[in-house]
Amino acid sequence: MEILSREIKPEDAASPVDQLVKLTVRDLEKLPPPYDKPGMEPELTDPKPEWKEKYATDLDGYIAIDLPWKPKNKEEEERLIKSFLNGLNKLLTKEGNWTFLQPLLLSLEYCAKCQTCSNACPIYIMSGKQEVYKPTWRAEILRRIWKKYCTPAGKIFGKFVSGDIELNAKTLMRLAESAYRCTLCRRCTQTCPIGVDNGLISHEIRKLFSQEMGIAPKALHELGTVQHLKVGSSTGLTPDGVKDIIEFIEDDIEDKIGKRIKIPVDEKGADILLIHNAGEFLSWPENPAAFAILFEEAGISWTLSSEQVAYDAVNYGVWYDDLQLARIAAKHAEIANKLEVNKIVVGECGHAHKAITVIADRVLHDDIWIPRESCMPILWEIVKKEKINFDPEKNNFPVTLHDPCNMVRLMGVVEPQRKILRKLAPQFREMEPHGVYNYCCGGGSGFAIMQSMNFPEWRNAVATRMKFKQVLEAFKDCLDPSINKYICAPCSNCKGAIRDMLSYYQASERLSIYYGGLVELMVNAMVDLEEPFVEWEFH
Amino acid sequence: MPISALMALSYAAFAIFVIVVASKWVKWSSMPMHLRWELYPVPHEAGRNQYGGSYIEEVDYWKKPRETTLAGELKDMFSEMLFIKRVYEYKRPLWWLTYPFHAGIYLILAWFFLLFVHGILSVYISIPVLAKVVYYLIQICGTIGIIAATLGCIGLIIRRFSDKDMLNYTAGVEIFNLFFILIVLLTGIATWITYDPNFQHAMEFMKALVAFNSAYLPKLTTIAEVHVILLCLLWIYIPFTKMSHFIGKYFTFHKVLWDDELNVPGSKVEAKVRELTRLPMPWSAPHVDTGKSWDENALENPKDEWGRWKY
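Computed from a predicted model, the values in this text were never measured in an experiment.

Procedures and definitions
Residues numbered from 1 in each chain as written. Chains lettered and ligands numbered in written order. Predicted model: local features only at pLDDT ≥ 70, side-chain atom pairs only at ≥ 80, totals over all residues. Heavy atoms only, no water. Helix = DSSP H or I, 4+ residues; strand = E, 2+ residues; numbered from the N terminus. Buried < 20%, exposed > 50% of the residue type's maximum accessible area, 1.4 Å probe, protein only. Contact = heavy atoms within 4.5 Å. Areas by Shrake-Rupley, 256 points an atom, 1.4 Å probe, with all protein chains shown as cover. Lys, Arg positive; Asp, Glu negative; His and termini not counted. Charge placed at Lys NZ, Arg CZ, Asp CG, Glu CD. Rg over C-alpha atoms; globule rule 2.2 N^0.38 Å. Axes fitted to C-alpha atoms, helices over the stretch in contact; angles between N-to-C directions. Left-handed = near helix turned anticlockwise from the far one by under 90°. Nonpolar A, V, L, I, M, F, W, Y, C, P; charged D, E, K, R; others polar. Phe/Tyr/Trp six-rings, centres within 6.5 Å; stacked < 30°, edge-to-face > 60°. Lys NZ or Arg CZ within 6 Å of the ring centre and 35° of its normal. Disulfide = S-S within 2.5 Å. Pairing = 2+ DSSP bridges. Buried area = accessible area lost by both parts, 1.4 Å probe. Salt bridge = Lys/Arg side-chain N within 4 Å of Asp/Glu carboxyl O. Core = buried A, V, L, I, M, F, W, Y, C linked by side-chain atoms within 4.5 Å. Patch = residues over 30% accessible without salt bridge, like charges linked within 9 Å, V, L, I, M, F, W, Y side chains within 5 Å. Polar contact = N/O pair within 3.5 Å; in protein donor to acceptor, adjacent residues only side chain to side chain. Domains from an automatic or database assignment.

Undergrad: Give a detailed account of the overall build of chain A, specifying residues and quantitative values.
TA: Secondary structure assignment for chain A yields 25 helices and 8 strands. Overall, chain A is about 75 × 60 × 45 Å in size when its C-alpha atoms are taken along their principal axes. Relative to its 539 residues, chain A shows a buried fraction of 71%. In chain A, of all internal contacts separated by at least 6 residues, the share reaching a separation of at least 24 is 76%. In the structure as shown, chain A presents an accessible area of about 16,500 Å², 48% of it carried by carbon and sulfur atoms. Separation of charge centres in chain A, based on 67 positive and 77 negative side chains, amounts to 7 Å.

Undergrad: So what about the overall build of chain B? Which residues, and what values?
TA: Scanning chain B from N- to C-terminus turns up 12 helices and 0 strands. Listing the helices and strands of chain B from first to last along the sequence gives α-α-α-α-α-α-α-α-α-α-α-α. For 311 residues, the compact-globule estimate of 2.2 N^0.38 gives 19 Å, and the C-alpha radius of gyration of chain B, at 26 Å, exceeds that figure by more than 25%. For chain B, the spread of C-alpha atoms along the three principal axes comes to 85 × 45 × 45 Å. The burial tally for chain B puts 52% of its 311 residues in the buried class.

Undergrad: Mind laying out the packing of helix α7 (residues 172-194) of chain B against helix α9 (residues 222-237) of chain B, listing which residues take part and the relevant values?
TA: All names here are of chain B. Interhelical geometry of α7 versus α9 gives an angle of 145° and a closest axis separation of 9 Å. The crossing of α7 and α9 is left-handed. Where α7 abuts α9, its residues V173, F176, N177, F180, I181, I183, V184, T187, G188, A190, T191 and T194 lie against I223, A224, V226, H227, L230, L231, L233, L234 and Y237. A per-class count over the contact of α7 with α9 returns 15 nonpolar, 6 polar and no charged.

Undergrad: So what about the packing of aromatic side chains? Which residues, and what values?
TA: Taken as a whole, this structure holds 46 aromatic pairs over all chains when the rule is applied. Measuring from centroid to centroid gives 6.4 Å for F83(B) and Y99(B), while their planes differ by 20°, and the two rings are stacked. With F83(B) in helix α2 (residues 70-83) and Y99(B) in helix α4 (residues 92-123), this pair connects stretches of sequence that are 16 residues apart. Here the guanidinium or amino end of K256(A) rests over the ring plane of F533(A), the centre of that ring lying 4.5 Å away.

Undergrad: Which residues make up the state of the cysteines, and what values do they have?
TA: All names here are of chain A. The final tally for this structure, using the stated rule, is 0 disulfides over all chains. Of all cysteine sulfurs, the one in C491 lies closest to C349, which takes part in no disulfide; the gap is 5.2 Å. Classification of C349 as buried rests on a relative accessible area of 0%. Left without a disulfide partner, C405 is nearest to the cysteine sulfur of C440, which lies 4.3 Å away.

Undergrad: Describe in detail the sheet that holds strand β4 (residues 372-374) of chain A, supporting the description with residues and values.
TA: Residue and element names in this part refer to chain A. Judged by pairing direction, the sheet is parallel, and its 4 strands sit side by side in the order β2-β1-β3-β4 without closing on themselves. Each edge of the open sheet carries a strand with a single partner, namely β2 (302-303) and β4. When strand β3 (residues 343-346) meets β4, the two strands line up parallel, connected through 3 bridges. Looking at the pairing, V346 lines up with S374 of β4.

Undergrad: Describe the pairing of strand β1 (residues 272-275) of chain A, and please don't skip the residues or the numbers.
TA: All names here are of chain A. Side-chain alternation along β1 places I272 and L274 on one buried face and L273 and I275 on a second face that is also buried. Here β1 pairs with β2 via 2 bridges, running parallel. Considered in β2, the bridge of L273 is made with T303. In the sheet, β1 pairs with β3 via 4 bridges, with the strands oriented parallel. Its bridge partner being in β3, I272 is matched across the sheet by K343.

Undergrad: Explain the sheet that holds strand β8 (residues 513-516) of chain A to me, using residue names and the numbers behind them.
TA: All names here are of chain A. Across the sheet, 4 strands lie side by side as β6-β5-β7-β8; this open sheet has parallel pairing. Here the strands that pair on one side only, and so sit at the sheet edges, are β6 (428-429) and β8. Inspection of the sheet shows strand β7 (residues 485-488) paired to β8 by 4 bridges, in the parallel sense. Considered in β8, the bridge of I487 is made with Y515. This element, helix α23 (residues 492-504), spans β7 and β8 of the sheet and lies at about 165° to β8.

Undergrad: Tell me about the interface of chain A and chain B, and name the residues and values.
TA: Facing 103 residues of chain A, the contacting portion of chain B comprises 90 residues. Between chain A and chain B the total buried area reaches about 8,600 Å² when both faces are included, carbon and sulfur atoms providing 61% of it. If you look at where chain A meets chain B, you find 7 salt bridges. The partner of K343(A) in a salt bridge is D60(B), and the shortest N-O contact between them spans 2.7 Å. Tallying contributions element by element places helix α17 (residues 322-338) of chain A first for the side of chain A that touches chain B, with 9 residues. Partitioning the side of chain A that touches chain B into residue classes produces 47 nonpolar, 24 polar and 32 charged.

Undergrad: Please set out the pattern of salt bridges residue by residue, giving values where relevant.
TA: Tallied over the full model, the rule gives 63 salt bridges over all chains. Note that D260(B) is salt-bridged to R66(B), the shortest N-O span being 3.1 Å. Placement of D260(B) in the loop between α10 (245-257) and α11 (268-276) and of R66(B) in the loop between α1 (5-29) and α2 is noted, with a sequence separation of 194 residues between them. Of the residues examined, D260(B) reaches a relative accessible area of 4% and is grouped as buried. Within this structure, E11(A), K113(A), E140(A), R143(A), R144(A), E174(B) and K242(B) form a network of salt bridges that share partners.

Undergrad: I'd love a proper account of the nonpolar core, names of residues and values included.
TA: Judged by nonpolar contacts, the single largest core of 288 residues is most densely connected at F84(A), L294(A) and L379(A). Here F84(A) is in contact with L142(A), I145(A), L172(A), L175(A), L208(A), F209(A) and M213(A), once residues within four sequence places are set aside.

Undergrad: Outline a nonpolar patch on the surface, supporting the account with residue identities and numerical values.
TA: Residue and element names in this part refer to chain B. Taken together, the side chains of I3, Y124, I125, I127, V129, L130, V133, L137, I140, I144 and F212 make up a nonpolar region of the molecular surface, amounting to roughly 1,000 Å² of accessible area. Tracing the sequence through the fold places V133 in helix α5 (residues 128-162). Here V133 falls in the partly exposed class, since its relative accessible area comes to 43%.

Undergrad: Before we move on, could you go through the side chain of D259(B) and cite the residues and values that matter?
TA: You can see D259(B) is positioned in the loop between α10 and α11. Exposure remark for D259(B): the relative accessible area of 14% places this residue in the buried category. Reaching out from D259(B), the side chain makes a polar contact with the backbone nitrogen of E261(B) at a distance of 3.3 Å. Sequence-distant contacts of D259(B), that is, excluding residues within four places in its chain, are made with R362(A), H34(B), R36(B), E38(B), F253(B) and H254(B).

Undergrad: Got a sec to walk through the domain arrangement of chain A? Specific residues and values, please.
TA: All names here are of chain A. If you check the domain split of chain A, you get domain 1 (10-213), domain 2 (231-379) and domain 3 (389-524). The centre of domain 1, based on its C-alpha atoms, is set 28 Å off from the matching centre of domain 3. Taken together, the contact between domain 1 and domain 3 spans 42 residues of the former and 36 residues of the latter. Taking both partners together, domain 1 and domain 3 bury about 3,200 Å²; carbon and sulfur atoms supply 66% of that area. The salt bridge involving E41 is made with R465; its shortest N-O contact spans 2.7 Å. On inspection of domain 1 and its partner domain 3, the count reaches 16 residue pairs in polar contact (both at pLDDT 80 or more).

Undergrad: Outline unusual backbone geometry, supporting the account with residue identities and numerical values.
TA: Backbone torsion omega between P33(A) and P34(A) reads 0°, so that peptide bond is classified as cis. Within the secondary structure, P34(A) is located in the segment before α1 (51-54). In this structure, D266(A) is a non-glycine residue whose phi angle is positive, near 55°. Note on placement: D266(A) falls in the loop between α13 (239-257) and β1. In this structure, I84(B) is a non-glycine residue whose phi angle is positive, near 50°.

This is how it looks when you write it as structure tokens:
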């Protein structure tokens, strides 16, 4: 396998070599003790030879876009390039991209290439500063193509203005894959003195490929938004299925707290339509259970929906496709209005928070407008107004908080969850940095659910590495495995990424580090509960 | 006396600069409203900007009056404009070069303004005390400005060539821009040292411009003439390039990263959303109904042969 053996530049996206980089564990940034010793993490593997025939392994050997879209001949390559340029032109029009035209053009136009943003990127840093993961690398490729093909200056003055770039199939495969080496956490944007948003450029690259060519990871599109709209949930959960699970959750609640709670489903006229990430029903049913206990005990008027789409808060469109985003957001709002609720409240799911509350704020109008809000302020009100009796001593174990980027940096819901933890978790400690300057869990922008081929290996070894480092540092005074430790991650996708991270580094077995949501901790602290709600087992 | 060629060039440079900057401003201002894409901390969030919180931290936030702080926004804006705060915080070694460069340019702009005021005071209104103050300010701003900007510019050029992280991403035009500025600054220094140590001739030049009368023009040396010509060309050139990022920066922060305006029924935002979602979708992927509007695509829910949503 031929790999580029010199420093990589943006124009190398077009290089004919098989792969631009090959990662090894030794290249990666070191982890804190006890993971600073050799053998504490698995070696990285090569892509299977047969994958290279159909899939784009040309960037780093990893495959995010699990579609066989590699051109087989010159004709297919030319078609791909033409299609890409068509898409790029649409991305620059009001009709095609009113949704992000101004932010995109500002970011294409004004980057000073000062690289101030690079060190803000956890993936770039933890990869051992691999050039292809630098926020500016993929952005610069798109910027050069845009300059060269879409601006008068680029057409007249060529390379002098646009910089060196050749547009071939390799360039496009690497560009598309590299857009899936960025979690869209937008930490880079926070540091830019001009306000240029290289994270947005990743988003727009993804969108171009999806909206023009139908090229997107299956987990996001085919099994994600399409399945969500067709079947009811990106998990494949059907309306009947969710009703069954809700019954199971009611049984489970009864077992745990000795009291049966009737979870309201499709109750017209309730104050709140609570929408969970459907992954919670399947992987962490204790989370919707905890919500049900808290809302019932606090006397809140609420309901779940069993209607297709509305029992799953996720909206994967937010990561790669504006139309799919709009379809799902509209459906959520439409069903909530049909139920005549006063508002939608999003459960513990970060991207669903941002999608319906913030991004879709300029999608919903007239009949499909409805108020939407985060569950965090409501949960804090339950604690603040003492609607339930809590005993913090029940949570007397080390707890740290992971800030989901979508909920915190991208929509400013920062304090309610911390206020709850300060009140109910005596050993709460912050990760550093935290709040709006947090690091992504590594599962952002769809990575947590992209389980195809070798992508999970890259996610665990590179994308979640910074989060794992932060977790180890947050618990450095209590790494002793006899002490159970809790990462509070109030987001389903973050939990998914953290679950896989703990499994990859065997951190639950080795160090007794576990994870869960916020509501589980709240219920665990309820005075009325005889048995602990938090179960110290890895799942 | 009629105006001279250099005066005409100066007027033209200024006019072109203003017109192109204004047209760029109009271009960015008239772009369609985009989806919300704010990034926290948003400095106008009263009481929450310190930690990056938003009004969404409140239950029923859409019913409550917004509490914003102009002071918070101005503080962030000026600390970025005047001190380049983000580079200071996140890339200190570069700040030591870029800050003198930018601060020097600000001082040179202040110097131009003071020359203009001095010209007005010389031609139209006589306030000797103020003229004296302005005279000394011209000495201070001009001297510090040109030295700081030149040192910063040289530093930025050296850094651009020595730092591969920057060089590998730099197009020829960006190098050209830096050298263009440097040449203007160096000819300015040469003029200052050899011909106009007290900026007396610069003041006379501006007086001629303000009076539209070439009788006030000083006799320029060749280097001074070259400097004025290059400076005028730079004024004309800047707004066409990304050196005009002072325009973009307003929009990136105020209209994108800090734009958290809420859409509520009956609002202007809602009217814009209604208008924009009527636009036809040009995209070609299989899940798009090309040519149908965004609303039709999002709301009509095309069904497949099993009666299930197709997309």
